Amino acid sequence: MRDASALTEREAEAPDVGELTPPDRTLMGPGPSDVHPRVLKAMSTPLVGHLDPSFVEIMDEVQELLRYTFRTDNKWTIPVSGTGSASMEAAVGNLVEPGDTMLVPTNGYFGGRMKSMAERAGGEVVEVDAPWGEPLDPVDVEAAFDEHQPDVFGFVHAETSTGVLQPNVPELTDIAHDHDAFVIADCVTSLGGVEMRVDEWGVDVAYSGPQKCLSCPPGASPLTLNDRAMDKVLDREERPRSWYLDLSLLEGYWGGDRSYHHTAPITNVYALREALRLVAEEGIEERWARHREVAGELKSGLRDLGLEMNAPDEYWLPSLNAVRVPDGADDGAVIDHLLEEYDLEIASGLGDLEGDIWRIGCMGYSARSKNVEYVLAALEDALAEQGF
């Protein structure tokens, strides 16, 4: 029998938690990136209800801004309530039905996540092979289509785990459409920072996260589907396995009816709206150019330090720079030194490249020359500590 007096005494002791004072970091890892002050200010705006007429107007604005950023006219363009993995699962889990075959890549960590999500959706998964650190070859993609005849093809436009940008996107989508397949593009590390043209390049479904090149906190994640893809979703024989991410239900909230489905993360939608306003004010093509220019300064400085990039120049991903750890260096010790001495965040590798590379982001508000100078000086000091 429990001691009732002791229990009462414990329950009376409220946790002694002080004021929130996180460290002031410079975020140059694979995400999140530094949040623009205007976005932080937008998040302090008072809440309204998720069905308030004023919020419905905000929803319309966010959708229009997302279309501009994705370079699409898709009606079905929304922020999914959740992190980038939620928009990813909404894309895969709605488009892949039990019995469908999905073709996924093996050239990075997030192709593996596509595979897991497709399997959970009841799909059969086949793979198109490419080494980690290399893009998909259209010849190999076409061979995989000829062999497996998949219903859905997923690829990662900007692979966060390897620092590789997928070129030749229209070649890949043409192959898929020649086989009557749907194309899902992972744009988590490219949207708003690297050229991505959903309509012109023939992408049926694209998803992203807000915390990278958009410099917005995670919580409302971009997703777009063309009419062909949405028709497949609405004509499914079996409902998607996730109620929360069922696009046929979300259509009622983000479509013309604006009917209740769930309580949207209002503050995150405010933040995304302001982040997308910044994209529109800068201009999407000018923003792509800024990322190339500033990340080019970073790449040049890293080479001046004697460091090598993981990706060849033709596949270099400006928003996520994968840098090879030199022989004899302790990658974790360098990361710790930057965090402890400089309040500066970079990251180690994932999966097959864990311990072999550092991942240095150059995204959104973090993509500034002053940040590049800071990370290069700090990295030089951290390597000197190890005798390099």
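First things first, this report covers the structure right here in the doc. All figures in this text were calculated on a predicted structure; none of them were measured in a lab.

Thresholds applied
- Residues numbered from 1 in each chain as written.
- Predicted model: local features only at pLDDT ≥ 70, side-chain atom pairs only at ≥ 80, totals over all residues.
- Heavy atoms only, no water.
- Buried < 20%, exposed > 50% of the residue type's maximum accessible area, 1.4 Å probe, protein only.
- Helix = DSSP H or I, 4+ residues; strand = E, 2+ residues; numbered from the N terminus.
- Pairing = 2+ DSSP bridges.
- Right-handed = clockwise from strand over helix to strand, strands pointing away.
- Expected span 1.5 Å × (residues − 1).
- Contact = heavy atoms within 4.5 Å.
- Core = buried A, V, L, I, M, F, W, Y, C linked by side-chain atoms within 4.5 Å.

What follows is about the pairing of strand β3 (residues 101-105). Most of β3 is tucked away, with five of its five residues classed as buried. Note: β3 against strand β4 (residues 124-128), five bridges, orientation parallel. Pairing of Pro105 across the sheet is with Val128, part of β4. In terms of handedness, the path from β3 via helix α5 (residues 109-120) over to β4 forms a crossover that is right-handed.

A few words on helix α10 (residues 266-282). Compared with an ideal rise of 1.5 Å per residue, which puts 17 residues at 24 Å, α10 spans 25 Å between its outermost C-alpha atoms and is within 8% of the ideal. Residues Ile266, Asn268, Val269, Tyr270, Ala271, Leu272, Glu274, Ala275, Leu276, Leu278 and Val279 constitute the buried set of α10. Positioned one or two residues after α10, Gly283 has a phi angle of 95 degrees, which is positive.

Right, let's get into the environment of Gly301. Relative to the helices and strands, Gly301 resides in helix α11 (residues 284-304). Considering only alpha carbons, one finds Gly301 and Val372, 71 residues apart in sequence, at a separation of 8.4 Å.

Turning our attention to the environment of Thr26. With respect to the helices and strands, the residue Thr26 is situated in strand β1 (residues 26-27). Setting aside residues no more than four positions away along its own chain, Thr26 makes contact with Asp34, Asp343, Leu344, Glu345, Asn371 and Tyr374.

The next point concerns the sheet that holds strand β14 (residues 357-361). Spatially, β11-β14-β13 is the arrangement adopted by the three strands of the open sheet, whose pairing is antiparallel. With one partner strand each, in any of the chains shown, β11 (320-324) and β13 (347-348) form the two edges of the open sheet.

So, about the nonpolar core. Core analysis: the largest hydrophobic core is formed by 82 residues, its most contacted members being Phe55, Met102, Phe153, Ile184, Leu223 and Leu225. Looking at which element gives the most residues to this core, the answer is α10, with nine residues. Among all residues touching Leu223, those that are not within four sequence positions of it are Phe70, Trp76, Thr77, Ile78, Val80, Ser87, Ala90, Ala91, Val205, Ala206, Tyr207 and Leu247. Counting 27 residues, the second largest nonpolar core, distinct from the first, contains Ile346, Ala367, Ala378 and Leu379.

Turning our attention to helix α4 (residues 84-95). Taking 1.5 Å of rise per residue, the 12 residues of α4 would be expected to cover 16 Å, and the 17 Å separating its terminal C-alpha atoms lies within 8% of that figure. Counting buried positions along α4 gives 10 out of 12 residues, so the element sits mostly inside the fold. All of the buried residues in α4 are Gly84, Ala86, Ser87, Met88, Ala90, Ala91, Val92, Gly93, Asn94 and Leu95.

On to the side chain of Glu274. Along the chain, Glu274 falls in helix α10. Other than its neighbours up to four places away in sequence, Glu274 contacts Arg38, Val39 and Ala42.

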